[in-house]
Amino acid sequence: IFSESMASLGVWPVLCFVSATCFFHVALGGPGLTPPLHAKGRYVVDAAGTRVKLTCTAWAGAHTMTKVPGGLPLRKPEEIAALILSMGFNCVRLPYSTEAYIRNPVVRTEYITQLPNSTGQTFLDVLDQVVAALTAQKLMVIMNNHNTGWGWCCGIFDGSGVWFNKDFPETSWLESLRGLSRRYRNNPWVVGYDIRNEPRPSTPPIGHYPVWGDTRFSPLLGTFELVDWRAAAERGSAAVLEEDPSALVIVELLHFSQYLCPYQFSDGTMYWWYACDVGGFSSRNLLVSALAYAVLGKELEKIFLTLPMILVAGAASVCLVAFLSIGRRLPYRRLLITLVVVFLLVFSLAAYLKATSPMRDIESYDDFAKSRDAAYGHILLNETGPVWIGEFGEAWPSEYWIWLMRYLKERDVDFSYWVLDGERFPEIAEKFGDVANMAGVGGRWEFYGLLMSDYKTYHHPWKLQDLQYLMGKRSNLSDETLQRMAEVEAERSERREL
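None of these values were measured; they are calculated from a predicted model.

J.: Any chance you could break down helix α13 (residues 479-497) for me, citing the residues and the numbers?
T.: For α13, which comprises 19 residues, the first-to-last C-alpha distance of 27 Å matches the rise-based estimate of 27 Å (1.5 Å per residue) to within 8%. Of all the positions in α13, only T481, R484, V488 and R492 are classed as buried. The buried residues of α13 occupy an angular sector of 80° when projected down its axis, which confines them to one face. For α13, the exposed residues lying more than 90 degrees away from the buried face are D479, E494 and E497. Of the surrounding secondary structure, the elements contacted by the buried residues of α13 are α10 (399-411) and α12 (461-471).

Here's what the structure looks like:
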């Protein structure tokens, strides 16, 4: 699925946005759309060659300990599907966990009381009914392997940084992709498979660090086992296409789906000693995905990665290896090893956050757009292939949100907003203890949610209006966002005068 045809161009991450100039009629879903979909240049098109702009939202929950999409204690899946369509979306991203697919447990009745039969329903039974409700509305569905074990995502200590862990090997991941592709291949509205969410370092300081094809030694990563996401993505793509040759295969970038190379650029300037040999994507089935959150934002600007820091980390790694291999009789060996490991962990996290921050040292929209183009938008300008922003979200019209709306509109980017749900789990889940690892991400309430926890009331009407602007259903952003834009500009003018 990946070719080397673009290697000579010297591109870094292979990612492409849909450009602002469109030479195809845009199908927004419904009767005018003819699946299956495929890539054509930098666009996604349908079977008739009509450009399809994917404007999606995520309906979360099946990847968590409840094992089912949210809202089913309150609303029928048909009601939620109709609401999604009425909001203007044409597709839904459905996250699931490898564990849920492999174990296929019977889910608690309390989580699915609005289904016709809520007793004895397995994970796959419920998923089938949700998929049927969505596709009956001619909403496209993209299945997403979100995490390995069921629970919330995403961190480096959750056991889901890469596509396998000690409980579920790569074969389990492949089995889930192959099995779901086989299960839904006769439903033309299940159009694609997002084969893995946010590949990232897993369980440092001794853990797995995914890279793109190049597993050469890196001093900064000396305490990780490097694993090749490119090769794994090849295998995952093959598993999907083996069962459903017409499906879109969505491959996410590394480092929480930011880009492919660690420490690849700083304000557009390369400062690592090699670039990823990413080649090019030429498959008609392939769509590449990134995410865009403000959470890796301006608060990280003061973290600065320099060549001396890299050299120090390299020396520390060498010392660690020496202690582990030949220093068994050195005094205070255990203490020294502990200190080196702690140093490497803290340094790696600081440097990692700096490298993945889309807002670092950014003081204007032009700088923001330049940083996104340096990360992946340059492939748009090169007209390489299609991309989908698989996740982004915000709780208020922040400066980052304003810049992102402008960038996505100017580049005419396909997207999936995170998230539809106003809650991460139903209140009853606390009774059963199905809320593990939720406390660290804010507990029950989903602040990015488009809906309130009743699954019918809009949480932030301004946000939906902004998304409808990206869809082409409104002529401008919401009044709230426009007002915030004016306030931001006034604040900047005051700072310039000072």
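Following the structure, the description resumes.
J.: A description of the confidence of the model for the protein chain should follow, citing residues and the corresponding values.
T.: The pLDDT averaged across the protein chain works out to 81; a share of 71% of its residues lies at or above 70. Long-range and interchain partners of residues 355-359, a stretch whose pLDDT sits below 50, account for 24 contacts in this model, where long-range means more than four residues apart.

J.: Lay out the packing of aromatic side chains in plain terms, naming residues and giving numbers.
T.: What the rule picks out here adds up to 16 aromatic pairs. Aromatic side chains W163 and F164 sit 5.6 Å apart centroid to centroid with 80° between the ring planes, which places their arrangement in the edge-to-face category. For the ring pair W401 and W462, a centre distance of 5.8 Å and an interplane angle of 90° mean the geometry is edge-to-face. Highlighted residues: W401 in helix α10 and W462 in helix α12, separated in sequence by 61 residues. Residue classification places W401 among the buried residues on the basis of a relative accessible area of 1%. A residue is classified by how much of its surface remains accessible, and W462, at 8% relative accessible area, is buried.

J.: Please provide a residue-by-residue account of the environment of V413, values included.
T.: Within the fold, V413 resides in the loop between α10 and β16 (414-417). Note on V413: relative accessible area 1%, which makes it buried. Distance in space between the C-alpha atoms of V413 and W388 is 6.8 Å, their sequence separation being 25 residues.

J.: Now, about the state of the cysteines: what can you tell me, with residues and values included?
T.: Within this structure, the stated rule accounts for 2 disulfides. Each sulfur in the disulfide pair C56 and C91 lies 1.6 Å from the other. As the torsion about the S-S bond is roughly 50°, the C56-C91 disulfide counts as right-handed. One end of the pair, C56, is in strand β6 (residues 55-58); the other, C91, is in strand β7 (residues 91-97), and 35 residues separate them in sequence.

J.: Would you mind going over the side chain of R196 in detail, with residue names and values included?
T.: Following the sequence through the fold, R196 ends up in the loop between β9 (190-194) and β10 (207-211). No salt bridge is formed by the buried R196. Its closest oppositely charged neighbour is D158, at 6.8 Å. Of the polar contacts made by the side chain of R196, one reaches the side chain of N145; its length is 2.7 Å. Those residues in contact with R196 that sit more than four places away from it in its chain are T98, N144, N145, N147, T148, S160, V162, W163, W173, W229 and E252.

Parameters at a glance
Residues numbered from 1 in each chain as written. Predicted model: local features only at pLDDT ≥ 70, side-chain atom pairs only at ≥ 80, totals over all residues. Heavy atoms only, no water. Helix = DSSP H or I, 4+ residues; strand = E, 2+ residues; numbered from the N terminus. Expected span 1.5 Å × (residues − 1). Buried < 20%, exposed > 50% of the residue type's maximum accessible area, 1.4 Å probe, protein only. Arc of directions from axis to C-beta. Contact = heavy atoms within 4.5 Å. pLDDT = per-residue confidence, 0-100. Phe/Tyr/Trp six-rings, centres within 6.5 Å; stacked < 30°, edge-to-face > 60°. Disulfide = S-S within 2.5 Å. Lys, Arg positive; Asp, Glu negative; His and termini not counted. Salt bridge = Lys/Arg side-chain N within 4 Å of Asp/Glu carboxyl O. Polar contact = N/O pair within 3.5 Å; in protein donor to acceptor, adjacent residues only side chain to side chain.

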